[in-house]
Amino acid sequence: MKKLGVFICHCGVNIAGTVDVKSAAGKMGEVEDVAHSADYIYMCSEPGQQIIREAIREKELEGVVVACCSPSMHENTFRKAVKSEGMNPYLCEIANIREQCSWVHQKEKEKATEKAEEIILATLEKVRENEKLEAISVSINRSVLVIGGGIAGMTAALDLAVGGYEVTLIEREQALGGHMTQLSKTFPDLHPALPDLLAKAREIEGHPGIDLHCYSEMEDVKGYVGNFELTIRKKATHVDWEKCNGCGLCIRDCPVDYVSQFERGLGVRKAIDLLYSHSVPNKPVIHRSHCRYFIDGSCRKCEEVCPEKAIRFKQKDERIGKKVGAIVVATGFDLYPGERLGEYGYGEIPDVIDGLALERMLSVDGPTKGKIIRPSDGKVPKEMVFIQCVASRDPDRYMPYCSRICCMYTAKQAKIYKEQVPDGQPYIFYMDIRSDGKGYEEFLQKTIEEKGLLYLRGRVSRVFQDDGKVRVLGVDTLTGKMVEVAADMVVLATAVVPSDGVKDLAAKLRATVDRHGFLTEAHIKLYPVESSTKGIYLAGCGQSPKDISDTVSQASATASKIQALLSTDKLLQDPLIAFVDENICSGCGICVEICPYEAREMDSRRGISVVHSALCQGCGACIAACPNFACELRNSSSIQTLRMMDTFMT
Amino acid sequence: MDYLYFPGCTLYTKAKNLDQTARDCSHLLGFELKEISNWTCCGATFPLATDNIMALLPPSRILARARQEGAILTTLCAICFNVIKRTNRLIQNDGEKREKINNFIEMNYQGDLRVLHYLEILKQEIGFSKIKERVKKPLAGLKAGAYYGCMLLRPFDEMGFDDKERPTLFEEFLEAMGAEPVDFPYKIECCGSFQSVGSPEVATECSYKILGSAIKNGAEVVVSTCPMCTFNIDHKQSDIKEKYLGFKPIPVLYFTQLLGMAMGLDYQTLGFGQNFVDPLPLLKEKGFI
């Protein structure tokens, strides 16, 4: 018979105000194998822990029940305390008599005391059968995969590589940079976006610690924190990038022009082309759906003209395997599809564009070489309407959240417009202005005052074409008047949404997304860069809308967290997991199918099912599913559970 | 097949021509409008406050009584349609409100009527292709602006009549009669509605914009489904003319008047006398009468 100890916490009045702790402690002391029973005002305080430690030492206890708050609060505290006295920490259990008793039964004190005693007795039953367990040690691979080559992924990859870790960076487009490559100047300092970005991209391209795979996607992920096994699909570029010298002759001679997504429909690109000029890597890709060779075999111009003989029409997708210890998901954003915004006429009226399209216009390497002109007739717009919160902050119809970047970039765009067209009038429809970053409010106020921007607080109800103008119907809620603007051009600050395909990727990674498709963090305040799956980390707009400053800060935070994780070569894991009684298991395989963590596997040689201890999370699904009762959970065996139930029933 | 018909108050007075032509047209198309017995005013506004049960009682009573006589209820007036359709949907989906309403009206109605606008009957039940067959005098060359107003379309989730921003159902109907539909951006804007009582200048302004937009886009006639809208955009034209010099009046017709004419009804039975802007010169010029 084990010698057990019971320690009942008052938690100030939280427990003692409802439960008669003295009488409970007295009753527990009468239980046959309880060698020590005590109560104290705060068991978790140092003197409280001292009581436990002394009792273990003096009474040579072999098991401890602490009756207090939820185990998620202090289980660790008390297990550490018993460990310091040489007791196996898994012989210490928590009886939750606060959240599950005193707090919910404040008006029925006698019954609460009775219930608290039952909870403690049941927990004693558990401790009687508890085994001594050791944490499972798992060796880890100290390299990292970063998914997404925008500013978030680039920052995280570079930080990790500079820290000495091997990094694999994959990007589904043909070049690095993400949406930031489309931007002209960035707020609040109005620095051009591209030069700094390209400098960083070149550093990544040349870094010996970074294995860069552009035009590549994640195909499959297996494994767990510290030991992920990946399959990466390198899409066929049809150009041998090793041989290509970036001369650009193939692009010059390609006869196919098609509407460029990168230019937001304002420009064209060739069937063989760079993503943008001076892109990193500076190598072209043949886009099969537009290339005449792939459509009907009628053209081989690029092949004929290439001095390095680098064109590979027959190239196939290639799959490569990788092993890493941690993964950063930096998949970025898209803008809400404007075509679904009927009232704003996007897609129907050529002079209604979105914020990214205007960024392309403002870029010196963009389709208009930096000039703001109407897409319909090339004229300079004299009346320009900016509409903020398009599809953002509209829980009834679109997205309920704030996209966080629009207030600032709209002010920036209006400022640049006013500088370019001094006799033009910008009108900005807004709900309220959110300028909470460093220097943002100052930038905004200065811009409004100096540039004479006309801010109208209200929403727009309709945008339509009339007499060659874009008519905007809205309301100014400060004057209470309807407003009608005959504009030359309208710019929509459309909502930031997660980029295409994030849900599929999250499913592969066993990470979770929220109802809008943004990746969810483990804890919004305390673990903001960790996903809910161990070893998967988040950075950038894939987690939530944010501007460049915030994205870079978050990416660096992510990189630091991973460096801490990978600073040792072993990981310790909770041993409270499933195990199999080999004599009973019939090898039916039901547990393999039911396991949500892929932790169960058939051992074909022995004909039984085994538990992969590093993967098992101790959820108990296999235990419930096993028809032969061959699976058990460590320290939560069927016998323990039944005896605990008995305590409550009798 | 017969359809239950809720006329609503204006159809017996100001919009008698809408009521009469709709009945005559349905006769020609092989169905009858069976007027429900013992009907009242629909209340004319769907309540904006969610606890305003009182305003839901008149339409609920209409629905409950209609259910005792059939399964599909149709109306012509866009406002009645809006109030009745939304009330029906509420009774269907909100059990708590349903119980409350039934307690008040001392009836048991579960929201299981289908409420269709007359245009929806024409499209879904009869089919525009059949109308095309029945047209005897196609309205060839008539440039007609289909004016939806707001009540047929909004709120979209509840009305589900057609796309709330770019509806086309009305235009398809005009095409079936051989007319040339004219698209104009103000076709879904509000006419000012009841403002014509309290702030008539607001309704005048709204109507001017709608008509101006239709005229600018080439319409020779504006076609309406709603007595309220018609009052504003037709009768208000005298005020518009006073305020905006140079405004040329444009006839406003009910869709059923055009349908009757196209199907060969004698124009003298189409109630053109009730239209404020006389459409006869235009119709004569086009050779329809």
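The preceding data block contains the structure.
What counts and how
Sequence order as written defines residue numbering, which begins from 1 separately in each chain. Chains carry letters from A onward and ligands carry numbers from 1 onward, assigned in written order. Totals for whole chains, interfaces and linings use every residue, but because this is a predicted model, local features are given only for residues with pLDDT of at least 70 and side-chain atom pairs only at 80 or more, for both listing and counting. The helix and strand labels rest on DSSP assignments: H or I over at least four residues marks a helix, E over at least two residues marks a strand, and numbering proceeds from the N terminus. For every residue pair, C-beta atoms are placed from the backbone, and the pair is scored as a contact if these atoms sit within 7 Å. Note on pairing: two strands pair once DSSP finds at least 2 bridges between them. An axis is simply a line fitted to the C-alpha atoms; with a helix, the fit covers only the stretch in contact. Between two such axes, the angle follows the N-to-C directions and lies from 0 to 180 degrees. Three exposure classes are used, based on other C-beta atoms lying within 10 Å of a residue's own C-beta, which is placed from the backbone: buried for 20 or more, exposed for 12 or fewer, and partly exposed in between. Orientation is classified from the angle alone, with under 35 degrees giving roughly parallel, over 145 giving roughly antiparallel, 65 to 115 giving roughly perpendicular, and any other angle giving oblique. Following the grouping adopted for this structure description, the nonpolar residues are Ala, Val, Leu, Ile, Met, Phe, Trp, Tyr, Cys and Pro, the charged ones are Asp, Glu, Lys and Arg, and the polar ones are all others, Gly among them. Here the expected length of a helix is defined as 1.5 Å per residue gap, with one fewer gap than residues. What makes a crossing left-handed is the near helix being turned counterclockwise from the far one by less than a right angle; a clockwise turn instead makes it right-handed. Defined on buried residues, the nonpolar core groups Ala, Val, Leu, Ile, Met, Phe, Trp, Tyr and Cys residues joined through C-beta atoms within 7 Å. The definition of a right-handed crossover adopted here requires that, viewed with the strands pointing away, the path from the first strand over the helix to the second runs clockwise.

Colleague: Looking at this structure, I do not really get the overall build of chain A. What am I missing?
Modeller: Counting secondary structure elements, chain A contains 18 helices and 36 strands. Dimensions of chain A along its principal axes, counting C-alpha atoms only, are 95 × 70 × 40 Å. Taking all contacts inside chain A whose residues are at least 6 apart in sequence as the whole, residues at least 24 apart take part in 69%.

Colleague: Explain the sheet that holds strand β1 (residues 4–9) of chain A to me, please; I cannot follow it from the model alone.
Modeller: By way of backbone hydrogen bonds, the strands of a sheet pair with one another, either parallel or antiparallel. All names here are of chain A. Spatial ordering of the open sheet is given by β2-β1-β3-β4, a layout of four strands whose pairing is parallel. For this open sheet the edge positions go to β2 (34–40) and β4 (92–96), each flanked by a neighbour on one side alone. Neighbour-to-neighbour, the strand axes of the sheet open up by a mean angle of 15 degrees, direction not taken into account. Here β1 pairs with strand β3 (residues 63–68) via five bridges, running parallel. Residue G5 lies in a different strand from β3, and its bridge partner there is V64. Of the strands in this sheet, β1, β2 and β3 are in contact with helix α2 (residues 46–59), which crosses β2 at around 165 degrees. Sitting on the sheet, helix α3 (residues 71–83) is in contact with β3 and β4, with an inclination near 150 degrees to β4.

Colleague: Help me out: how do you make sense of the environment of A:G178 in this one?
Modeller: Residues and elements named next belong to chain A. Of note, G178 is situated in the loop between β7 (166–171) and β8 (185–186). Exposure remark for G178: the 25 C-beta atoms within 10 Å place this residue in the buried category. Considered as a pair, G178 and I151 are 27 residues apart in the sequence and their alpha carbons are 6.7 Å apart. Contact partners of G178, with chain neighbours within four places excluded, come to G149, G150, I151 and G332.

Colleague: Looking at this structure, I do not really get the packing of helix α2 (residues 57–67) of chain B against helix α3 (residues 78–93) of chain B. What am I missing?
Modeller: Residue and element names in this part refer to chain B. One way to put it is that α2 packs onto α3 with a least axis distance of 9 Å and a crossing angle of 80 degrees. For the element pair α2 / α3, the angle class is roughly perpendicular. Contact with α2, carried on its side by P59, S60, I62 and L63, involves V83, I84, T87, N88 and I91 of α3 and no other residues of that element. Class assignment of the residues belonging to the contact of α2 with α3 gives a composition of six nonpolar, three polar and no charged.

Colleague: Would you explain helix α12 (residues 406–420) of chain A in this entry?
Modeller: Because the α-helix completes a turn every 3.6 residues, residues three or four places apart line up on one side. Residues and elements named next belong to chain A. Relative to the 21 Å expected for 15 residues at 1.5 Å per residue, α12 spans 21 Å between its end C-alpha atoms, a close match to the ideal helical length. Most of α12 sits inside the fold, with 12 of its 15 residues counted as buried. When α12 is considered as a whole, its buried residues turn out to be C406, C407, M408, Y409, T410, A411, K412, Q413, A414, K415, I416 and Y417. Here the buried face of α12 lies against β8, α11 (355–362), β21 (383–390), β22 (425–430), α13 (440–451) and β27 (489–494).

Colleague: Looking at this structure, how should I read the interface of chain B and chain A?
Modeller: Note on interface size: it is often stated as the accessible area lost on association of the parts. Counting residues at the interface gives four residues for chain B and four residues for chain A. For the side of chain B that touches chain A, the residue count by class is one nonpolar, no polar and three charged.

Colleague: Any chance you could explain helix α18 (residues 638–649) of chain A here in plain terms?
Modeller: End to end, α18(A) covers 16 Å across 12 residues, agreeing with the expected 16 Å (1.5 Å per residue, within 8%). Little of α18(A) is tucked away: one of the 12 residues are buried.

Colleague: Help me understand the packing of α11(A) against α12(A) in this model?
Modeller: A pair of packed helices is captured by two measures, namely the crossing angle of their axes and the spacing between those axes. All names here are of chain A. At their nearest, the axes of α11 and α12 sit 11 Å apart, and the two run at 35 degrees to each other. Crossing of α11 over α12 shows left-handed handedness. Facing α11, whose interface residues are G355, L358 and L362, α12 presents C406, Y409, Q413 and I416. A class-by-class count of the residues in the contact of α11 with α12 yields five nonpolar, two polar and no charged.

Colleague: Just to check I follow, could you spell out the sheet that holds strand β5 (residues 143–146) of chain B for this structure?
Modeller: All names here are of chain B. Spatially, β6-β5-β7-β8 is the arrangement adopted by the four strands of the open sheet, whose pairing is parallel. With one partner strand each, in any of the chains shown, β6 (180–182) and β8 (252–254) form the two edges of the open sheet. On average, each strand axis in the sheet is inclined to that of its neighbour by 40 degrees, with strand direction left out of account. Pairing between β5 and strand β7 (residues 221–224): three bridges, direction parallel.

Colleague: Help me understand the nonpolar core in this model?
Modeller: Soluble globular proteins tend to bury their nonpolar side chains together. In this structure, B:I84, B:A144, B:M177, B:V222, B:V223 and B:L258 are the most contacted members of the largest nonpolar core, which totals 87 residues. The element best represented in this core is α3(B), accounting for eight residues. Those residues in contact with B:L258 that lie beyond four places of it in its chain are B:L139, B:M177, B:V223 and B:L253. Counting 77 residues, the second-largest nonpolar core is a separate cluster that includes A:V146, A:Y276, A:L565 and A:L566.

Colleague: Is there a simple way to explain unusual backbone geometry in this structure?
Modeller: Residue and element names in this part refer to chain A. That bond from F187 to P188 is cis: its omega, -5 degrees, falls within 30 degrees of zero. Looking at where P188 falls in the secondary structure, it is placed in the loop between β8 and β9 (191–192). A cis amide bond links V280 with the next residue in sequence, P281, at an omega value of -5 degrees. Residue position: P281 is located in the loop between β15 (272–273) and β16 (285–286). The backbone of R393 sits at a positive phi, close to 50 degrees, despite the residue not being glycine. At R510, a position not held by glycine, the phi torsion is positive, near 55 degrees. Within the element layout of this structure, R510 appears in the loop between α14 (502–509) and β29 (521–523). Residue R510 is classed as partly exposed on the basis of its 16 C-beta neighbours within 10 Å.

Colleague: How should the pairing of β4(A) be read in this particular structure?
Modeller: Looking down a regular strand, the side chains alternate between one sheet face and the other. Residues and elements named next belong to chain A. With five of five residues buried, β4 lies mostly within the body of the structure. Of the two faces of β4, the one lined by C92, I94 and N96 and the one lined by E93 and A95 are each fully buried. As judged from the five bridges shared by β3 and β4, these two strands associate in the parallel manner. Across the sheet, the residue bridging to V65 is E93, located in β4. Crossover connection from β3 via α3 to parallel β4: handedness right-handed.

Colleague: In this structure, what is going on with the pairing of β1(A)? I would like to understand it.
Modeller: Residue and element names in this part refer to chain A. Taking burial as the measure, the six residues of β1 include six buried ones, the bulk of the element. Of the two faces of β1, the one lined by L4, V6 and I8 and the one lined by G5, F7 and C9 are each fully buried. Alignment of β1 against β2, held across six bridges, turns out to be parallel. In the strand pairing of β2, F7 is matched with A38.

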